[in-house]
Structures are given as structure tokens and as C-alpha cells.
Amino acid sequence: MNLQEELTWIFSQQTSDPLRYAFPKKRVVHPFVKGMEPVSNPHDQWQDLICSQDRSPKHIAYINIPFCQTQCLFCGFYRNNARTGLESEYIDCLIKELKEVKKNHFLERSPLQAVYIGGGTPSSLSSGNIFRLLESIHENLNLANDCELTFECRLYDFDDDKIQSCLDGGVNRFSIGVQSFNTRCRQLLGRMLPGDEIVSRLSHIQSQGQAALAIDLMYGLPEQTMEIWEKDLMRAAQYGLDGISVYQLNVFEGGRLNKKVSKGKLAEPSKTSEQAIYFKRSIDVLDQCKYRRMSNTHWQNTTRERNLYNSLSKQPDILLLPFGSGSGGKVEGFSLALETDLKRYIDITGQDRKPIAFMAKQPEISPLISEITWQLDQGYLDLELIGSRYGSKYCEKMKPVLEAWQSNGLVQSTEGLVDLTVAGLFWYVNLSQALVDWLSKPDQDDTPDVEITGVAAQDG
């Protein structure tokens, strides 16, 4: 990548249609900060952290269930088939991890604000193991009175007994991957249930009246038209669901979806420039239906929906405890990831050790980066707040980038407050990574030597 290309990724490119062409292509991963220092003995470091008095004001936890009944074409998180026969042993290991926290009194002073059980597919667990896990969470983690306890699921394997186990175990929020109500679009993705049955299952959960119900919808799918997308949005809204998230389909290089498209076995999904129009239509329809936008991808219908874990996990100074194979977290300035190999995870946990695969000290700039990416996810940048918390030099350093973004139609700035336009909201991940890259540069690189004008806009 030459200097011109590198600066284009930071400053964006001039175009008459920034919603579709502000960048060469859409980034598909969360912003990454360089400069982490790997810890040579992560287990000893973990023991020091877990035995110390916790200092972070807010705590959340993520619990990973690395099993799925089937593998969806679009998913990059598939790890283990649910029929491995290791489910109960895995839950035993999770309970060991949870007991360690209580044994070391780590959460006594600051209760957990949110617990998210994700995967994988947590609903692939048996009803008995679902309840065992939830019971252990309540026994071993210090939960705030209003702790948001989210259970992620797909409706294919989520029967009445499992739903009841969740409710009996204190789950107060369901996050359900619907993706589309259109049966044809669902089948092409490898989803098992037809659209009408999805509606029936959602109605059953909703009728229990005991938990917030949020669903994910996805745009840019093979054979999906704008008419299908609008019907999906309207259908979700008419059911009065507590929350709706909209996500762009990402086609990963070498993934199953990518291979099928390459072989001509599946229609080509929408390009980035087309997905941008779907995103804008999402905003229009959900605004029309009086849903309130909580972040760039999530809308709220009722006050029951807080989307607390997803919001807090992006904020600075949040302590995120990871549990389970493949999970990740951050504790007092350290990032860590647990073993993704299921058998290694089980073996290490059986030795009463935290199954840490990697741990690193975060760079000093990490809290600032978390603040910036969280604010951008909310649709704004408060430069006055950033300056007061982290120093005005960072606001000065961002100034040429923000000016370029404003000129290119991505943001609007008034008196220290920068608001993202619809185009800026669509390119949020690009903007976040751009500021991470720019702020990580040495100070002498603050002013670009290459003019960012007249770059040809290309479809991504």
C-alpha cells in the first residue's frame, strides 16, 4: 500500500455519493489497536489480577458456548458440532471458571451490570445444562439487581423446555438471530425453519412476558431484494419486538459462502455500494415505525430493551470477564483470549487453571480509542469531553481527519460536537479504524504530504 492509498483509508475519498463510495471498501472487523505487549506468563498475571481488589467502576461478563447444531453459510464463528458428546463436560468446566471468581472475591465490591451468553449457539444446549449454567451464574457471580442477562439463540433448536429453563434461570433478554423472515433467503443461508414458523416461535416467547426480545436482521443476502428487506423490517416492527439489530452480510474470503458464490452455486450477494442503500432504508423504515436508534446497528422499541452488554463492552474502563472456550475479555489494562480448541480448554480447566491462550498489556492509548469508537458507534464525537479526559492534543491531532470527513460528507461539526451523517453511520467501522491508525502515528505524521482529492470512487 503506497502513501496515497494509506491516507485514503484514513481521510476518505471525495465523491458525489459518500454513502456508497466514501472508502474503497467496507472494513468488516472491529477496530484494532497496535502496540500490545504479550505477557510471558499469563496464568500468573491472571492470578494477580483476580486476587487484587477490583478498581474498574463497571463490570460485565461474556460466556461462550462453542457448539452449533448446523453451520450457517455466512457465519465465521462456527467451532464445534453440538453432537460432539462433550456438552455436559463443557458446562462442568464453565462452572469451574465461574467458581474461581467467587473463590477469589473478585466481584464483591462491584456487581456485574450485564452477562451475555453467546456463541456459537447457546440454544443448542440441553434444557438441563442451560439451567445448570444459569444456576451457577447466580451462585458464583455478583449480579446487580438490574443485571441484564442475555441468552443468544436461534429458533431451530429452541423448544419450550429450553425457553422455560432460561426463564426459570433468570434470563431477562433473548437475542435471536432471525436474519430474514423470507423462507427462500433463509434456506440459501442454511437456516432450517420457514419464515412463518419463526413468527410463531417469536410470538410464543413474547407471550411469556418475562424477558426483552431482540432479533437480528441481515441485509445484502443472496436473492434478497429491497422489497424483501422492507417487508422484513416492517414485519419485525409490527410484532412490537423490543429491539431490532440490522447487520450487513460480510462475505469472508475462503468462507463457505464465498466458495459457493465462486463456484456459481449461489447468487452473488449485494456489493457494498448496494448494501449502503439497504442500510439507509433501514433507518427510514425503523424511524417511520417509531423505533429509537441506540447505536449504528441497533434500535429500541420499548424501555425493556437496554442492549446493555453491547453498549458497555465498547466503553473505556469497563472490565469484561471472559468465560468459556474462544471467549475474550479485558481486565485492568490487559486483554486476554481463552483457548479455542475445545479439548485443550477442557484439559486446562481440569487442572484448575484459567485456560488462557493469549494475554497482552494494552497500550496507553487504549482508553482513548475505546472512548472514540464507543462514541462513533453512538453516532457522534464529543471533542470537548475527549479533550477534558485525555488531553486537547488528541483533538488537535484528529482535526485534519475530521475536516476531511466533513468535506467528504461523512460528518457535520458544530461547536465541538461532531455528528455522523447517514453515510458516516454506514462507514462507522472504517471511521473508527481510521482514527485508531491516525492517532497511533508519530506526531510528525500529523499533516499529510499527499493531497486527498480526486480519488476515483470504486465499488467495494
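Data block above holds the structure.
Position numbers for residues count from 1 along each chain, tracking the sequence in the order it is written. For this predicted model, a pLDDT threshold of at least 70 governs which residues receive local features, and a threshold of 80 or more governs which side-chain atom pairs are given and counted, while totals over whole chains, interfaces and linings are taken from all residues. Just so you know, side-chain values use all the structure's heavy atoms and leave hydrogens and water out.

Engineer: I'd like a description of the sheet that holds strand β16 (residues 380-382), backed by residues and values.
Structural biologist: Spatially, β16-β18-β17 is the arrangement adopted by the three strands of the open sheet, whose pairing is antiparallel. Both outer strands of the open sheet, β16 and β17 (411-414), are each paired with one neighbouring strand and no more. Across the sheet, the axes of successive neighbouring strands diverge by a mean angle of 15°, strand direction being ignored. Note on pairing: two strands pair once DSSP finds at least 2 bridges between them. Put simply, DSSP marks the helices as runs of H or I at least four residues long and the strands as runs of E at least two long, and each gets a number from the N terminus on. Across three bridges, the pairing between β16 and strand β18 (residues 417-420) is antiparallel. Paired with Asp382 across the two strands is Leu417, which belongs to β18. In this analysis an axis means a line fitted to C-alpha atoms, helices contributing only their contacting stretch, and an angle means the value between N-to-C directions, from 0 to 180 degrees.

Engineer: Which residues make up the packing of helix α9 (residues 226-238) against helix α11 (residues 272-288), and what values do they have?
Structural biologist: Helix-helix packing is characterised by the crossing angle of the two axes and by the distance between the axes. Between α9 and α11, whose axes approach to 10 Å, the crossing angle comes to 35°. Pair α9 / α11 crosses with right-handed handedness. Along its contact with α9, which presents Met226, Trp229, Glu230, Leu233 and Met234, the element α11 presents Ile277, Tyr278, Arg281, Ser282, Val285 and Leu286. A per-class count over the contact of α9 with α11 returns eight nonpolar, one polar and two charged. Should the near helix be turned anticlockwise from the far one by less than a right angle, the crossing is left-handed, and should it be turned clockwise, the crossing is right-handed. Any pair of residues with heavy atoms lying within 4.5 Å of one another is described as a contacting pair. Three classes are used: nonpolar for Ala, Val, Leu, Ile, Met, Phe, Trp, Tyr, Cys and Pro, charged for Asp, Glu, Lys and Arg, and polar for all others, with Gly counted as polar.

Engineer: Could you give an account of the nonpolar core, with specific residues and numbers?
Structural biologist: As used in this record, nonpolar core signifies buried Ala, Val, Leu, Ile, Met, Phe, Trp, Tyr and Cys residues forming a set joined through side-chain atoms within 4.5 Å. Any residue under 20% of the maximum accessible area for its type is buried, any over 50% is exposed, and the rest in between are partly exposed; the area is computed with a 1.4 Å probe on protein chains only. Within the largest apolar cluster, 118 residues are counted, with the highest numbers of intra-cluster contacts made by Ile137, Phe174, Ile176 and Trp405. Element by element, the count of residues in this core is highest for helix α18 (residues 428-439), at eight residues. Excluding residues within four positions of it along the chain, Ile137 makes contact with Ile63, Leu98, Val115, Ile117 and Leu143.

Engineer: I'd like a description of the packing of aromatic side chains, backed by residues and values.
Structural biologist: Pairing of aromatic rings covers Phe, Tyr and Trp, the last through its six-membered ring, and needs centres within 6.5 Å; plane angles under 30 degrees mean stacked, over 60 mean edge-to-face, and all others mean tilted. Counted under the stated rule, the structure contains 13 aromatic pairs. With a centroid separation of 6.0 Å and an interplanar angle of 15°, the aromatic rings of Phe151 and Phe158 are classed as stacked. This pair shows no difference in class: Phe151 is buried, exactly as Phe158 is. Each member of the aromatic cluster is reached from another via a ring pair, and the members are Phe23, Phe279, Phe426 and Trp427. Over the aromatic face of Phe426 sits the side chain of Lys26, whose NZ or CZ is 3.8 Å from the ring centroid. Geometrically, a lysine NZ or arginine CZ counts as sitting over a ring once it is within 6 Å of the ring centre and also within 35 degrees of the ring normal.

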